[in-house]
Amino acid sequence: MRESFGAPGAPLVSVVVPTHDVAPWVRQSLESILSQRVDMEVLVVDDRSTDETVDIARAFAARDERVTVHAAETPGGGSARNAGARLARGRYLIFADGDDLIPDGAYAALVASLERTGSDMAVGDYIKFRAVDTWRPTAAMPAFSHHRSGITLADEPTLLYSRPCWNKAYRREFWEASGIVFPDVPRSNDIVPMVSALVGSASIDIIPDVLYVYRERPGAGSMTARAGASASLVSYLTQETACAELVRAERSAELDRVYANLVWDRDGFQAVAKFLAAWEPGDGDGAVAGQLARLLAATGRPGGNVHPLRRLALELAASGRLAAAAVAASAAEGSPAPASAVAGFIDLASDDPTAGLPEPERSVIAERFARQFATRAADPAWREAAAVAREAWGPRATLFSPDPRGEQAAREAGRLTRVAGGPLLVVEGRGHEPGGAPALFDGEASIAEGAARVIDPVSVTWTGDDAWSAVYPVAALPLHRPLTPVLRAPGGECVPVPGEPPIPPYAPRDAFLYDVQDGILVVRRRRHWILRAARRAAILARARLRR
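The structure displayed is predicted, hence computed values, not measured ones.

Chemist: Just to check I follow, could you spell out the sheet that holds strand β15 (residues 467-473) for this structure?
Modeler: Sheet strands associate in pairs through backbone hydrogen bonding, adopting either a parallel or an antiparallel arrangement. Taking strand neighbours across the sheet as the criterion, the four strands line up as β10-β11-β15-β14 in an open arrangement whose pairing is antiparallel. Either end of the sheet is taken by a strand with one partner, and the two such strands are β10 (416-420) and β14 (459-462). Neighbouring strand axes in the sheet, compared pairwise and without regard to direction, differ in orientation by 15° on average.

Structure, rendered in structure tokens:
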């Protein structure tokens, strides 16, 4: 017979720790749990570990009566958590993974809040870390900006953005009455239980202190490493679709809006983009497209704050055009597309679904495609894609590519040798276009009738060996736009001038910022240093007033 809630002799807190091959980390994890100053039991439920995980856990149990070790009867992290929840005797239920860390005082803070308010669950802030980085995923979640007690999900809808099970404490009576269980699925086995808990809670406490430290550990056994597989993605999309149905059943326009943003601009897009970044055609592509289409249909269209390229990537993937989706996703993220997506460049440019995008986004996608071509010019398939993109989107689509006329022409076009700023921008190089002259390509100007916008220098000086020096006054250049050197032929053809000249050191009063991207110099004009200084002073003054 189950022990009743809060029965004499029962611990205040039950901590369920599912484990699977976490021997390098479980010792540190259990030490951080056992250092919490609350009355607790620690239920380690092992899911068929093949390393020393169980031996380490049993050693803890031998010297600390609060720890017990159990074997999961069925495989899967979800089953391990469910088994621990069934064994729990405490008034409050907490989950922790066997490779993470619990900061001092975390459990006391969660329990004290629930004891004071009587809420069904308490939610704490958390951070993530890996060998070279630490970050706070909740930084962009307004729900974690301040302390709240006794609220509902409708009061803080952005709690939907935080769906791990381990940064929360639950009143066990609420957990069991709600019938919440973890599914055994390849990925994302906690998002449906957490959305169920959030929508089902009559009252929720939010504690904006870091109460959990998550260890992100890429490796063969981690979810992170498996995130690119089609079966894993389908698992996530299936669970996300179930979440969409739970949210839709609440009949709240604000919850629907927040959830649509989660799918189209946050978790959903990131999961699909990660899959597409390593995409190769496979048997699972149809399942991915079908399940994504069901999720988008259950979620509805997002608001205007979602970037059009992200929306385009998801819609292409849901329609089964994964090669084109991979290209759109890489453009949205500013990252390289997989080599297998070369057909996607042709697909996008031939049908041009980007035609419906606003002009700034079309310009961005064309320029980012250009960077893809720059490193793959030796591949005939990529040269074919570049030709199609250039015809569809104009010169900008191959701005960063080698000269399309061949390597000899590229050598004749020359190289950049120097760039200098000040009251004037001076760009120097070698090479020529017969009858043409140096210019700057405006990287964000619109393309009209296939002609790119270029800016001519006020003066060009030619010396021997085809060396030239082009001068541009600051006032003639647009603010904050990427400008790249080209040689323009009389017919208007723009040939990029590659080269990595020495970049001027940063100077606060310099009117320009300089960078070299894919072997191409990019210059951006800044506002006058006096205006920038005044703006910084105003920002600092506002910060002091807020403090």
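From this point on, the discussion continues.
Chemist: Any chance you could explain the packing of aromatic side chains here in plain terms?
Modeler: Given two aromatic rings, their pairing is described by the distance between the two centres and the angle made by the two planes. Applying the stated criterion across every chain yields a total of nine aromatic pairs. For the ring pair Trp166 and Tyr214, a centre distance of 5.2 Å and an interplane angle of 25° mean the geometry is stacked. Of this pair, Trp166 sits in the loop between β7 (148-151) and β8 (168-171) while Tyr214 sits in strand β9 (residues 204-215), placing them 48 residues apart in sequence. The exposure class of Trp166 is buried, given its relative accessible area of 6%. Joined through ring pairs, the aromatic side chains of Phe95, Tyr170, Trp175 and Phe182 make up one cluster. Positioned above the aromatic ring of Phe60, the side-chain terminus of Arg63 is 4.4 Å from the ring centre.

Chemist: What is the right way to look at the nonpolar core in this model?
Modeler: General note: in soluble globular proteins, nonpolar side chains tend to be found buried as a group. If you look at the biggest cluster of nonpolar residues, it comprises 125 residues, and the most contacted ones within it are Ile33, Val42, Tyr107 and Leu159. If you tally residues by element for this core, the top one is helix α13 (residues 322-333), at ten residues. Ignoring sequence-local partners within four residues, the contact set of Tyr107 consists of Val15, Ile33, Gln36, Val38, Met40, Ile94, Ala96 and Ile102. If you look at the next biggest cluster of nonpolar residues, it comprises 19 residues, including Tyr472, Val474, Leu477 and Val523.

Chemist: Please explain helix α10 (residues 267-277) as it appears in this structure.
Modeler: Side chains of residues three or four places apart in an α-helix project in the same direction, reflecting 3.6 residues per turn. Along α10, the positions that sit buried rather than exposed are Gly268, Phe269, Ala271, Val272, Ala273, Phe275 and Leu276. Its buried side turned inward, α10 meets α8 (230-248), α9 (253-265), α11 (285-299), α12 (308-318) and α13.

Chemist: Please explain unusual backbone geometry as it appears in this structure.
Modeler: Glycine aside, negative phi is the norm for most residues, and most peptide bonds take the trans geometry. One non-glycine residue, Asp21, adopts positive backbone phi at about 50°. With respect to the element layout, Asp21 can be found in the loop between β1 (13-19) and α1 (23-34).

Chemist: Before we go on, may I ask you to explain the environment of Phe373 in this structure?
Modeler: Within the fold, Phe373 resides in helix α15 (residues 359-374). When the C-alpha positions of Phe373 and Ala389 are compared, they lie 10.0 Å apart, and in sequence the two are 16 residues distant.

Chemist: Would you take a moment to explain the packing of α10 against α13 for this structure?
Modeler: A pair of packed helices is captured by two measures, namely the crossing angle of their axes and the spacing between those axes. The interhelical angle for the contact between α10 and α13, taken along N-to-C directions, is 115°, at an axis separation of 9 Å. Considered as vectors, α10 and α13 are oriented roughly perpendicular to each other. The handedness of the crossing between α10 and α13 comes out as left-handed. Together, Phe269, Gln270, Ala273, Phe275 and Leu276 of α10 and Leu322, Ala325, Ala326, Ala329, Ala332 and Glu333 of α13 make up the contact between the two elements. When the residues that make up the contact of α10 with α13 are grouped by side-chain class, the tally is nine nonpolar, one polar and one charged.

Chemist: Just checking my understanding: could you explain the pairing of β9 for this structure?
Modeler: Successive residues of a regular strand alternate their side chains across the two faces of the sheet. Summarising burial for β9: nine of the twelve residues are buried, a large majority. In this structure, strand β5 (residues 121-130) lies alongside β9, joined through eight bridges in parallel fashion. Opposite Met121, over in β9, you have Ile204 as the bridge partner. Where β7 meets β9, two bridges bridge the pair, whose relative direction is antiparallel. Residue pairing in the sheet places Arg148 in a bridge with Ile206 of β9.

Chemist: Which parts of the structure should I look at to understand helix α4 (residues 106-117)?
Modeler: The terminal C-alpha atoms of α4 lie 17 Å apart, and with twelve residues this matches the ideal 16 Å at 1.5 Å per residue to within 8%. Taken residue by residue, α4 has Ala106, Tyr107, Leu110, Val111, Ser113 and Leu114 as its buried positions. End-on, the buried residues of α4 take up no more than an arc of 155°, which puts them together on one face. Gly118 lies just past α4 and shows a positive phi near 75°.

Chemist: Quick question: what am I supposed to make of the environment of Pro137 here?
Modeler: Structurally, Pro137 can be placed in the loop between β6 (133-135) and β7. Since its relative accessible area comes to 21%, Pro137 is described here as partly exposed. Here the alpha-carbon distance between Pro137 and Ile127, two residues ten residues apart in the chain, equals 6.5 Å.

Quick notes on the rules
- Residues numbered from 1 in each chain as written.
- Predicted model: local features only at pLDDT ≥ 70, side-chain atom pairs only at ≥ 80, totals over all residues.
- Heavy atoms only, no water.
- Pairing = 2+ DSSP bridges.
- Helix = DSSP H or I, 4+ residues; strand = E, 2+ residues; numbered from the N terminus.
- Axes fitted to C-alpha atoms, helices over the stretch in contact; angles between N-to-C directions.
- Phe/Tyr/Trp six-rings, centres within 6.5 Å; stacked < 30°, edge-to-face > 60°.
- Buried < 20%, exposed > 50% of the residue type's maximum accessible area, 1.4 Å probe, protein only.
- Lys NZ or Arg CZ within 6 Å of the ring centre and 35° of its normal.
- Core = buried A, V, L, I, M, F, W, Y, C linked by side-chain atoms within 4.5 Å.
- Contact = heavy atoms within 4.5 Å.
- Parallel < 35°, antiparallel > 145°, perpendicular 65-115°, else oblique.
- Left-handed = near helix turned anticlockwise from the far one by under 90°.
- Nonpolar A, V, L, I, M, F, W, Y, C, P; charged D, E, K, R; others polar.
- Expected span 1.5 Å × (residues − 1).
- Arc of directions from axis to C-beta.

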